[in-house]
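# What the coordinates show
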Amino acid sequence: MSAPFQVSANSRDEAPQFVLPLVVRLEKSAPPGRTDALETAARAVLNLLSDERALGDGEWAQAVRDWEDARIRKVVRRARGAEWRRAEGLPGITLTGKSAEVRVFPPVPLDGWPKDLAKLQVSGTELEDPEPPVGADRSAPVLWLNPELEMSAGKTMAQAGHGAQLAWWALPEAERRAWRDAGFPLAVRTAEPAEWRELTARGLPLVRDAGFTEIAPGSCTVVADHPALR
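The rules we used
Residues numbered from 1 in each chain as written. Predicted model: local features only at pLDDT ≥ 70, side-chain atom pairs only at ≥ 80, totals over all residues. Heavy atoms only, no water. Helix = DSSP H or I, 4+ residues; strand = E, 2+ residues; numbered from the N terminus. Rg over C-alpha atoms; globule rule 2.2 N^0.38 Å. Buried < 20%, exposed > 50% of the residue type's maximum accessible area, 1.4 Å probe, protein only. Contact = heavy atoms within 4.5 Å. Areas by Shrake-Rupley, 256 points an atom, 1.4 Å probe, with all protein chains shown as cover. Lys, Arg positive; Asp, Glu negative; His and termini not counted. Charge placed at Lys NZ, Arg CZ, Asp CG, Glu CD. Axes fitted to C-alpha atoms, helices over the stretch in contact; angles between N-to-C directions. Parallel < 35°, antiparallel > 145°, perpendicular 65-115°, else oblique. Left-handed = near helix turned anticlockwise from the far one by under 90°. Salt bridge = Lys/Arg side-chain N within 4 Å of Asp/Glu carboxyl O. Pairing = 2+ DSSP bridges. Expected span 1.5 Å × (residues − 1). Core = buried A, V, L, I, M, F, W, Y, C linked by side-chain atoms within 4.5 Å.

### Brief notes about the overall build of the chain
For the chain, the helix and strand inventory stands at 8 helices and 9 strands. Here the C-alpha radius of gyration of the chain, 16 Å, is about what a compact globule of 230 residues would show, namely 17 Å. Each of the 230 residues in the chain was classed as buried or not, and the buried ones make up 52%. Contacts spanning at least 24 positions in sequence make up 78% of the contacts within the chain whose residues lie at least 6 apart. A total accessible area of about 10,700 Å² is found for the chain, and carbon and sulfur atoms account for 48% of it. Each charge class in the chain was averaged separately, 29 positive and 33 negative side chains, and the resulting centres sit 3 Å apart.

### Observations regarding the packing of helix 2 (residues 34–50) against helix 6 (residues 153–170)
Relative to each other, helix 2 and helix 6 sit at 40°, their axes nearing to 8 Å. In terms of their interaxial angle, helix 2 and helix 6 are classed as oblique. Relative to helix 6, the crossing made by helix 2 is right-handed. Every residue of helix 6 that contacts helix 2 at Arg34, Ala37, Leu38, Ala41, Ala42, Val45, Leu46, Leu49 and Ser50 is listed here: Ala153, Thr156, Met157, Ala160, Gly161, Ala164, Gln165 and Trp168.

### A look at the side chain of arginine 43
Within the secondary structure, arginine 43 is located in helix 2. Lacking a salt bridge, the buried arginine 43 has glutamate 39 as its closest oppositely charged neighbour, with an N-O distance of 4.6 Å. Excluding residues within four positions of it along the chain, arginine 43 makes contact with Leu95, Thr96, Gly97, Gly183, Phe184 and Leu186.

### Remarks on the sheet that holds strand 9 (residues 220–225)
The strand order across the open sheet formed by 4 strands is 7-6-9-8, and the pairing between neighbours is mixed. What marks the edges here is a single partner per strand, and that holds for strand 7 (187–190) and strand 8 (206–208). Direction aside, the axes of adjacent strands within the sheet are offset by 20° on average. With 4 bridges joining them, strand 6 (residues 142–145) and strand 7 adopt parallel strand pairing. By the bridge assignment, leucine 143 is partnered in strand 7 with valine 188. In the packing of helix 2 onto the sheet, the strands contacted are strand 6 and strand 7, and the crossing angle to strand 7 comes to about 130°. On the sheet, helix 6 packs against strand 6, strand 7, strand 8 and strand 9 and is oriented at approximately 40° with respect to strand 9.

### Some remarks on the pattern of salt bridges
Using the criterion set out here, one finds 12 salt bridges in the structure. In this structure, glutamate 39 engages arginine 189 in a salt bridge whose closest nitrogen and oxygen atoms are separated by 2.9 Å. With glutamate 39 in helix 2 and arginine 189 in strand 7, the pair connects residues that are 150 residues apart, well separated along the chain. One exposure class covers both glutamate 39 and arginine 189, and it is buried. Measuring nitrogen to oxygen at the nearest pair gives 3.9 Å for the salt bridge that ties arginine 86 to aspartate 116. Note that arginine 86 is positioned in helix 4 (residues 81–88) and aspartate 116 in helix 5 (residues 115–118), a separation of 30 residues in sequence.

### Concerning helix 2
The α-helix winds at 3.6 residues per turn, so residues separated by three or four positions along the chain end up facing the same way. Between its terminal C-alpha atoms helix 2 stretches 25 Å, which fits the 24 Å expected from 17 residues at 1.5 Å a residue. Most of helix 2 sits out of view: 15 of its 17 residues are buried.

### What about the nonpolar core?
Counting 45 residues, the largest nonpolar core has Leu22, Leu143, Met157 and Trp179 as its most contacted members. Residue assignment for this core shows that the elements contributing at least two residues are strand 1 (18–25), helix 2, helix 3 (61–69), strand 3 (93–96), strand 4 (101–104), strand 6, helix 6 and strand 9.

### Brief notes about the pairing of strand 1
Summarising burial for strand 1: 7 of the 8 residues are buried, a large majority. Judged from the 2 bridges that link them, strand 1 and strand 5 (residues 108–109) form a sheet pairing that is antiparallel. Within strand 5, the residue paired with phenylalanine 18 across the bridge is proline 109. Pairing between strand 1 and strand 2 (residues 73–79): 7 bridges, direction parallel. In the strand pairing of strand 2, valine 24 is matched with arginine 78. Pairing geometry for strand 1 and strand 4, over 3 bridges, is antiparallel. Within strand 4, the residue paired with valine 23 across the bridge is arginine 103.

Below you can see the structure in the form of C-alpha cells.
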C-alpha cells in the first residue's frame, strides 16, 4: 500500500501500525452491486479524511495522524442484520450509494479492533454487478483498476479507498474543497490493458499494495485519475 509521499517505507514500518475499518452492509436478500460498493467505499474514505473530527484538534485527528504515519492499511468486513445495527452504533460515517451502504470508522490499532467489528467476517465479500457499468465520465475523477489482477470485492474496495486517499493527498487545497463540496463524485472502472500501461506512465497517484493479502507485494492496483492532476 502507498503512504504519504514524504515518508520512507522503513519509517512507516517502524511506526505503530493502525488500520482503517470499513464495513459493507451485505444483506442476503439485497446485496449491493460490486461497482457501487467500490465507489461508495472510496467516497467513505474521502468523507472521513475531510470530516472536521479528523482534522486539527478533532476527536479522530490523532488516530488519523497515527495511521497516516504508518502504512495506510484498510480492512473491509461485512455485516448484516443485527451485526450492521451494532456497527452503526459505533463512531463513524455511513455512506449510501445506489445500492451499497458502507460505514467507515476512525483508525484503530492493528490488534485493537472494537469487539463489534472484530467479530465480523472479512472473507466472503463477493459481489457482482447486475449489469456492466457504463463508461466512466472522464471529466470527473476515475479510479482505474489494474486489469491483470484478480481481487475479491472486499480487497478491491480497500484498494479503491487507497486510490481516493492518494488523490486527496496530491490535490491542492482549493481542489480538495471543490471535490468535497461537490459530494466527492468519482467512478471506479477496470482499465483496458493498453490504457493501464499509459495511465501508469503519466505520473498520477499509483497504489502499490504491501501484499499482506491476496496479491504479491508491490503489485500496482489503482491509478487515481483526477482531472486536476492530469
